[in-house]
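Residue-level listing of the chains:
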Amino acid sequence: MSYTEDDLWRLLAQARDMPYGTGQIALVEQVIRHADATGLEGPSFAARMLATQAYTYGGEPAKAFVTFSWCLHEYDRNPGRRSREDERLLLWHFKYVINALTAFPEVPLDRTYAVVDDMERRYRAGGHSLHAVYRQRWGIAHHIGDPAAADEWYARWNAAPRDQNSDCAGCDPGGKVMHLVERGRDEDAVALAAPVLAGHLSCTEQPQNILTDLLLPYLRTDRLTEAADGHRRAYRLMRGNLSDFGDIAEHLMFCAWSGNEARGLEIVQRHLGWLDRSPSPRDTMRFAAAAARVLDGLVAAGHGELTVHRPGATDRAPADIPVPELVTQLAGQARELAVRFDARNGTTRQGERVAQWLAAEPFVEYLPLSAVDGRRRALGGGPGKVSARVTRVGGQDAPGYPDDPAELLDLAERLFREHRTAQAQAAWRYFDDHHPRGTLSPLVAVRRVDAHGMVAASDDRFADAERAWREAADGYADAGDEVRRQVTMGRLGTLLCGTDRYDEGVALVREATRVLVEKGDAERRVGAELRLAYVLGLGHQPADALEAVDRAAGHAQAISGHPLLTAEVAMRRAQFLLALGRPGEAAESAITSREHFTEAGDPPIAALAWLLYAHALADLGDYPGAADAFGAALERSTDADVTLSAQNGRGRALLAAGQPHLGVEPLVEAVAGLVAAGDDAASTFARLDLATAYHGSGQPLDAAEAAEEALPALERLGAQDAADRCRYLLSLVYRELDQHDEALTLLDQLVTNLDGYDNLAGRAQMHEEAGQILYHQDRDAAAARRFGAAAEGYRDAGLPLDEVRAHRWTALALRWADQLDEAMVTLDTAYERAEGLASDDPAATWERAMLAFDGARVLIGAERFEDALLRAAASGEGFRSIGAFGDAMQADILRSELLLRLDRPAAAEPVLRAVLATAPRESPARENAAWLLTGVLETLGRHDEATAMRQEYGLDEA
């Protein structure tokens, strides 16, 4: 395919809009090939200039040597044909190339020094500061390990004045931090970086690079929170960029230094394949050494059985490699490269650095990287049931225990039923200490076996519980107590219903209920029906369960003075009313249950009534009330499952009540507890809620990590809608964290997922938000395409107001992409569609006014200033008609600028004075209007008034 010169310039503009990486490199190389083939010198030079930067930040720095040398030769051959911007970029590109030259041990140092000498010669000839030159000379000395030379160049670097060729306000101190850390001056390094991190950094390499440089001094000065946050913030900005491969090694070392080998293993696995396309041997050496240290830490901790998947390469098949074997491979690779570097450099610096990393000891045993990590460690780390803490109550002489063993068992069973687990177990222990089995009647001995089954079931030791209960049932049969035997068989049936033996279990419960209703007293009948209701609920039969509860209520009427039983009946009634979607009635039953539990002394089981009440309030939309009720459940609960449910519910309720900052703590507890309990599904949805709470609390870093853990788990669970909600949340968080490419990837995925006619508006919204990201990155042509797609989607969805907005943004993006003809066509379409908007809708009025405002900006680009003036005036009138006075001020300022362009300063003066009279003090509108008015007064020859205005408004005359 042949390209015209205009085509090539267009492709170059497109390449500039692309993120760094293989796609951008491929497009730039395509332009170079076609420009060279057709002899087009302009695109050929411009493409190679762009290629030098693309190779540097796209992870292929060796290729930059060729393009840089070609451009430098072409510039020297005819400097008069090149622009000052070309000269500026070439001087800047020296830094890319010098830094890369030291990264390849096959490049002699003499060649690197020669390039630095050439850089210095050109900087001197152009009258530039040598600040950037001294920075490069320090970098070479630092690399080879010449401390005297490094100190000398560091001093000169500090003494030289900064200019336009100096690294940015973030990168320049970053290098100085490295020097100070190397000298053990950690406090100085931290102090130097502090003002940089407190300011706004717009460089693509910051703040991740300086935060990475600070990891070691943070740890060595016990700034553990700053170290953890620095790692989390910096690594996520680096993890998608091959050019940052070498710096990712520092994050692996952070994991080794902070006891986070598990996190380090994740990083190794994610990036191990990059070794086969590493930007340079230096990056390979650093990553291999750091990865070997992390993996060796896992071996030392007893995890040598783990394997790591290593992707295949041209000379190697993919394989799962045992960690000890991979340690040997990586450490050997790092040492071999260090030998090559040291041979080239004539020093031992790189070998010593590799040896130090491989033998590095941690500074702290374990540094939690998130609140959830900290709570999981506090709960005992890995998976396993979280159970209520058991405290020994009483002892040999514990007061209050009855002497009669049957009465003591009655007490223990009642305590257990009330969820006073620790006290129940203490009573049973007291029983065992004071009533040996040989002294017991057969019936009492069987009851003690029955109790063993209760405890085993509560600890999820189902096989032990089944054995105990079958033994107890046989014992009751031998003792001729059929009622107790059926109670025990009902318990066993309930246990089986919670496993994969539901049919067997429910049959046992039904038979037990039949017998107990026929032969048992009123209390036994109530208990039997409640047990049946419970297992019917497990079988997703809430209507049948509610009928069983109603039968239990009927039996309970025959019992007086038993508030605990009455409370349980009302509580189960609330449970199944809630399951049937009747939250109002459920809330009333829960209140009744709570009242009776209070009468019974407010035992811990009352937490269940509060829990059900809270869920009912949440279903009714009373989220603040639900949060309080969940809190009341937490105050009473001694059961781990109830506590987790209440924590989770309270966090969700606070989130729904618009108090995400209060929801974070209970959700952290819920996630940690659910993970420790091995509940993958519940912990995953809780993570999504936690991510939402973090985002609403202004903690985007924590939100990102929680959502990133939730997303793959939601996909694994097949929860597509929740996964898409998570994707959208992550896209918002990534925008706040300046991870714009990742946000775009997620929005693209959502565009794909939101298929079907009913999702037209959602797809259009994703396109529009992607357009906003691109627009604010100055990738205007790409932004225009996304805004255009959004406009089409809104049109098809029948949303004219949104369509007009999207057309407006399309026109504005096209204007900045220098596609003015297309911008004007789009603007006309937007005007046409805006005519159909309702005239009495404030939102439509605002959009028409904004369209006039942005239309004026597009017309300015087309140099149609009179037309732009009309649009600006119409914009101000529209905003004022709906009371949008702040927006109206901006329109008036634009109108004044146009009047000045059209040489009508006298007409601009009253407009600007009106803005000054109404704009809030310290507002940008007030300052802009004052600046413009001083210019108007100067133009009108009223210099004294202009001077007085500058003084009145504190304007800098410079």
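Residues numbered from 1 in each chain as written. Predicted model: local features only at pLDDT ≥ 70, side-chain atom pairs only at ≥ 80, totals over all residues. Heavy atoms only, no water.

Novice: Lay out the overall build of the protein with the relevant residues and their values.
Specialist: Scanning the protein from N- to C-terminus turns up 46 helices and 2 strands. Referenced to the eigenvectors of the C-alpha coordinate spread, the extents of the protein come out at roughly 115 × 80 × 60 Å. Residue pairs in contact within the protein that sit at least 24 positions apart in sequence constitute 61% of those at least 6 positions apart. In the form shown here, the protein has an accessible surface area of approximately 42500 Å², with 50% of it arising from carbon and sulfur atoms. On the protein, the mean spot of the 102 positive side-chain charges and the mean spot of the 147 negative ones are 2 Å from each other. (Helix = DSSP H or I, 4+ residues; strand = E, 2+ residues; numbered from the N terminus. Contact = heavy atoms within 4.5 Å. Areas by Shrake-Rupley, 256 points an atom, 1.4 Å probe, with all protein chains shown as cover. Lys, Arg positive; Asp, Glu negative; His and termini not counted. Charge placed at Lys NZ, Arg CZ, Asp CG, Glu CD.)

Novice: Can you explain the side chain of aspartate 450? Please cite residues and give values.
Specialist: When you line up the elements, aspartate 450 lands in helix 21 (residues 442-458). Once residues within four sequence positions are removed from consideration, aspartate 450 is found in contact with Trp469, Ala472, Tyr476, Thr488 and Arg491.

Novice: Mind laying out the side chain of asparagine 209, listing which residues take part and the relevant values?
Specialist: Along the chain, asparagine 209 falls in helix 11 (residues 208-220). Look past the residues within four positions of asparagine 209 in its chain and what remains in contact with it is Met238, Asp244 and Asp247.

Novice: Describe the packing of aromatic side chains, and please don't skip the residues or the numbers.
Specialist: Overall, the coordinates contain 17 aromatic pairs when judged by the stated rule. Residues phenylalanine 787 and tryptophan 809 carry aromatic rings whose centres are separated by 5.6 Å and whose planes lie at 25° to one another, so their mutual orientation is stacked. Taken together, the residues phenylalanine 787 in helix 38 (residues 780-796) and tryptophan 809 in helix 39 (residues 800-816) connect sequence positions 22 residues apart. Owing to a relative accessible area of 16%, tryptophan 809 belongs among the buried residues under this scheme. (Phe/Tyr/Trp six-rings, centres within 6.5 Å; stacked < 30°, edge-to-face > 60°. Buried < 20%, exposed > 50% of the residue type's maximum accessible area, 1.4 Å probe, protein only.)

Novice: Any chance you could break down the pattern of salt bridges for me, citing the residues and the numbers?
Specialist: Inspection of every chain in the model, using the stated rule, returns 78 salt bridges. Between arginine 81 and glutamate 41 there is a salt bridge, with the nearest N and O atoms lying 3.2 Å from each other. With arginine 81 in the loop between helix 4 (61-77) and helix 5 (84-101) and glutamate 41 in helix 3 (residues 41-57), this pair connects stretches of sequence that are 40 residues apart. The exposure class of arginine 81 is exposed, given its relative accessible area of 52%. Put simply, arginine 913 and glutamate 909 hold a salt bridge, and the shortest N to O gap is 3.0 Å. Residue arginine 913 and its partner glutamate 909 are located together in helix 44 (residues 905-918), separated by 4 residues, close to a single helical turn. On the basis of relative accessibility, which here comes to 34%, the residue arginine 913 falls in the partly exposed class. (Salt bridge = Lys/Arg side-chain N within 4 Å of Asp/Glu carboxyl O.)

Novice: Which residues make up the environment of alanine 618, and what are the values?
Specialist: Tracing the chain through its elements places alanine 618 in helix 29 (residues 606-619). Alanine 618 sits 39 residues away from alanine 657 along the chain, and the two C-alpha atoms are 9.8 Å apart. Excluding its chain neighbours within four sequence positions, the residues that come into contact with alanine 618 are Tyr623 and Ala626.

Novice: Provide a residue-level description of unusual backbone geometry, including the pertinent values.
Specialist: One non-glycine residue, histidine 540, lies in the positive phi region at around 60°. You can see histidine 540 is positioned in the loop between helix 25 (522-538) and helix 26 (542-556). Here the phi dihedral of aspartate 818 falls at roughly 60°; this positive angle occurs in a residue that is not glycine. Considering the arrangement of structural elements, one finds aspartate 818 in the loop between helix 39 and helix 40 (820-834).

Novice: Which residues make up the environment of histidine 128, and what values do they have?
Specialist: In this structure, histidine 128 sits in the loop between helix 6 (109-125) and helix 7 (131-144). The exposure class assigned to histidine 128 is buried, which follows from its relative accessible area of 18%. C-alpha of histidine 128 to C-alpha of alanine 607: the two residues are 479 residues apart in sequence and 75 Å apart in space. Residue contacts for histidine 128: discarding those within four places in its chain leaves Leu91, Arg122, Tyr123, Asp163, Gln164 and Asn165. A polar side-chain atom of histidine 128 sits 3.4 Å from a polar atom in the side chain of asparagine 165. (Polar contact = N/O pair within 3.5 Å; in protein donor to acceptor, adjacent residues only side chain to side chain.)

Novice: Give me the packing of helix 14 (residues 261-271) against helix 15 (residues 281-300): which residues, what numbers.
Specialist: Remark: helix 14 packs on helix 15, axes separated minimally by 9 Å, with the N-to-C direction vectors making an angle of 135°. Accordingly, the angle class assigned to the pair helix 14 and helix 15 is oblique. Seen from above, helix 14 lies across helix 15 with left-handed handedness. Along its contact with helix 14, which presents Glu261, Ala262, Gly264, Leu265, Val268 and His271, the element helix 15 presents Phe287, Ala291, Arg293, Val294, Leu295, Gly297 and Leu298. Counted by class, the contact of helix 14 with helix 15 contains 8 nonpolar, 3 polar and 2 charged residues. (Axes fitted to C-alpha atoms, helices over the stretch in contact; angles between N-to-C directions. Parallel < 35°, antiparallel > 145°, perpendicular 65-115°, else oblique. Left-handed = near helix turned anticlockwise from the far one by under 90°. Nonpolar A, V, L, I, M, F, W, Y, C, P; charged D, E, K, R; others polar.)

Novice: Quick rundown of the pairing of strand 1 (residues 307-310)? Include the residues and the values.
Specialist: Here strand 1 shows a buried face lined by Val308 and Arg310 and an unburied face lined by Thr307 and His309. With 4 bridges joining them, strand 1 and strand 2 (residues 319-322) adopt antiparallel strand pairing. What sits directly across from histidine 309, in strand 2, is aspartate 320. (Pairing = 2+ DSSP bridges.)

Novice: Now, about helix 33 (residues 680-696): what can you tell me, with residues and values included?
Specialist: Look at helix 33: 24 Å from first C-alpha to last across 17 residues, which is about the 24 Å you get at 1.5 Å a residue. Taken residue by residue, helix 33 has Ser683, Thr684, Ala686, Arg687, Leu688, Asp689, Leu690, Ala691, Ala693 and Tyr694 as its buried positions. Looking at the residues trailing helix 33, positive phi occurs at glycine 698, about 75°. (Expected span 1.5 Å × (residues − 1).)

Novice: Could you give an account of the packing of helix 34 (residues 700-717) against helix 35 (residues 720-736), with specific residues and numbers?
Specialist: For the pair helix 34 and helix 35, the least separation of the axes is 9 Å and the interaxial angle reads 155°. As summarised for this structure, helix 34 and helix 35 are arranged roughly antiparallel, according to the angle between their axes. Considering only the axes of helix 34 and helix 35, their crossing is left-handed. Touching Pro700, Ala703, Ala704, Ala707, Glu708, Ala710, Leu711, Leu714 and Glu715 of helix 34 are Ala722, Ala723, Cys726, Arg727, Leu730, Val733, Tyr734 and Glu736, all from helix 35.

Novice: Describe the confidence of the model for the protein, with residues and values.
Specialist: Model confidence for the protein is summarised by a mean pLDDT of 91, while 97% of its residues fall at 70 or above. Segment residues 382-399 is flagged for pLDDT under 50; beyond a separation of four residues in sequence, or across chains, it makes 31 contacts in the model. (pLDDT = per-residue confidence, 0-100.)

Novice: Which residues make up helix 27 (residues 563-579), and what values do they have?
Specialist: For helix 27, which comprises 17 residues, the first-to-last C-alpha distance of 24 Å matches the rise-based estimate of 24 Å (1.5 Å per residue) to within 8%. Of all 17 residues that make up helix 27, 12 are buried, and the element is covered over most of its length. Every buried residue of helix 27 is accounted for by Pro563, Leu564, Leu565, Ala567, Glu568, Val569, Ala570, Met571, Ala574, Phe576, Leu577 and Leu578. One or two positions beyond helix 27, positive phi appears at glycine 581, with a value near 75°.

Novice: For the environment of glutamate 226, give the residues involved together with the corresponding values.
Specialist: Relative to the helices and strands, glutamate 226 is located in helix 12 (residues 224-238). By relative accessible area, glutamate 226 is classed as partly exposed at 38%. As for glutamate 226 and leucine 215, which are separated by 11 residues in sequence, their C-alpha atoms are 8.3 Å apart.

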